[in-house]
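Each chain, letter by letter, is given below.
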Amino acid sequence: MALKTLSEMMPSVAATARNVLGHDILYTPTGTSTALPIKAQGDYSPNMLNGEVSVGIDQDIELMVLKTDLAAMPADGDRITLPRVPGKTFKPVNVHHDETAEHWLFNLKRVV
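Since we're looking at a predicted model, the values are computed, not measured.

Q: When you look at the overall build of the protein chain in this model, what are you seeing that I'm missing?
A: Broken down by element type, the protein chain carries one helix and six strands. Listing the helices and strands of the protein chain from first to last along the sequence gives α-β-β-β-β-β-β. Looking at the protein chain residue by residue over its 112 residues, the buried ones come to 28%. Taking all contacts inside the protein chain whose residues are at least 6 apart in sequence as the whole, residues at least 24 apart take part in 42%. Split by element, the accessible area of the protein chain, about 7,400 Å² in all, is 58% carbon and sulfur.

Q: Where do I start with the side chain of Asp 98 in this structure?
A: Looking at the element boundaries, Asp 98 is found in the loop between strand E5 (85–97) and strand E6 (103–111). No salt bridge is formed by the buried Asp 98. Its closest oppositely charged neighbour is Lys 67, at 6.4 Å. Here the side chain of Asp 98 touches Glu 102 through a polar contact of 3.1 Å, landing on its backbone nitrogen. Apart from the residues lying within four places of it in its own chain, the contact partners of Asp 98 are His 103 and Leu 105.

Q: So what exactly am I meant to see when it comes to the packing of aromatic side chains here?
A: The description of an aromatic ring pair rests on the distance of the ring centres and on the angle between the ring planes. Using the criterion set out here, one finds zero aromatic pairs in the structure. We note Lys 67 situated over the ring of Trp 104; from NZ or CZ to the ring centre the distance is 4.3 Å.

Q: How should I be thinking about the pattern of salt bridges in this particular structure?
A: As a working rule, side chains carrying opposite charge can pair if their charged atoms are close by. Considering all chains together, one arrives at two salt bridges under this definition. The salt bridge partner of Asp 76 is Lys 91, with a shortest N-O separation of 3.0 Å. A residue pair is termed long-range when its members are at least 10 positions apart, and Asp 76 in the loop between strand E3 (55–66) and strand E4 (79–82) and Lys 91 in strand E5 qualify at 15 residues. Of the residues examined, Lys 91 reaches a relative accessible area of 18% and is grouped as buried.

Q: In this structure, what is going on with the environment of Arg 18? I would like to understand it.
A: For Arg 18, the position within the fold is in helix H1 (residues 6–21). C-alpha of Arg 18 to C-alpha of Ile 38: the two residues are 20 residues apart in sequence and 9.9 Å apart in space. If near-sequence neighbours (up to four positions away) are discounted, Arg 18 is found in contact with Lys 39, Gln 41, Leu 66, Thr 68 and Asp 69.

Q: Whenever I open this one, a nonpolar patch on the surface confuses me. Can you help?
A: Among the surface-exposed residues, Leu 6, Met 9 and Val 13 lie close enough to one another that they form a single nonpolar patch of about 270 Å² accessible area. With respect to the helices and strands, Val 13 occurs in helix H1.

Here is what the cut-offs are and how they apply
- Residues numbered from 1 in each chain as written.
- Predicted model: local features only at pLDDT ≥ 70, side-chain atom pairs only at ≥ 80, totals over all residues.
- Heavy atoms only, no water.
- Helix = DSSP H or I, 4+ residues; strand = E, 2+ residues; numbered from the N terminus.
- Buried < 20%, exposed > 50% of the residue type's maximum accessible area, 1.4 Å probe, protein only.
- Contact = heavy atoms within 4.5 Å.
- Areas by Shrake-Rupley, 256 points an atom, 1.4 Å probe, with all protein chains shown as cover.
- Lys, Arg positive; Asp, Glu negative; His and termini not counted.
- Salt bridge = Lys/Arg side-chain N within 4 Å of Asp/Glu carboxyl O.
- Polar contact = N/O pair within 3.5 Å; in protein donor to acceptor, adjacent residues only side chain to side chain.
- Phe/Tyr/Trp six-rings, centres within 6.5 Å; stacked < 30°, edge-to-face > 60°.
- Lys NZ or Arg CZ within 6 Å of the ring centre and 35° of its normal.
- Patch = residues over 30% accessible without salt bridge, like charges linked within 9 Å, V, L, I, M, F, W, Y side chains within 5 Å.

Encoded structure:
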């Protein structure tokens, strides 16, 4: 039996990483009212904002979602809620895919 190449193993590796490193989010696609529970890997890095008079912190959130979990490209009308940020709703912005084309990468913008 021939050994699998890394390329052949990537879907399995990506799914395992999602299961181990991912956290649950609720994703509501445009035009639906049903929130889909999916796993995402996230970066919740705070950004320091320097103003003339004060300093603040802005939450810069980037998510990575497997395309097998979210087939359609994230759209402006989609809504996302995060258990780590309760009571707030977000939409995807700056949507692109990673270098393997197996994940959607996008930032979140708070919907007021």
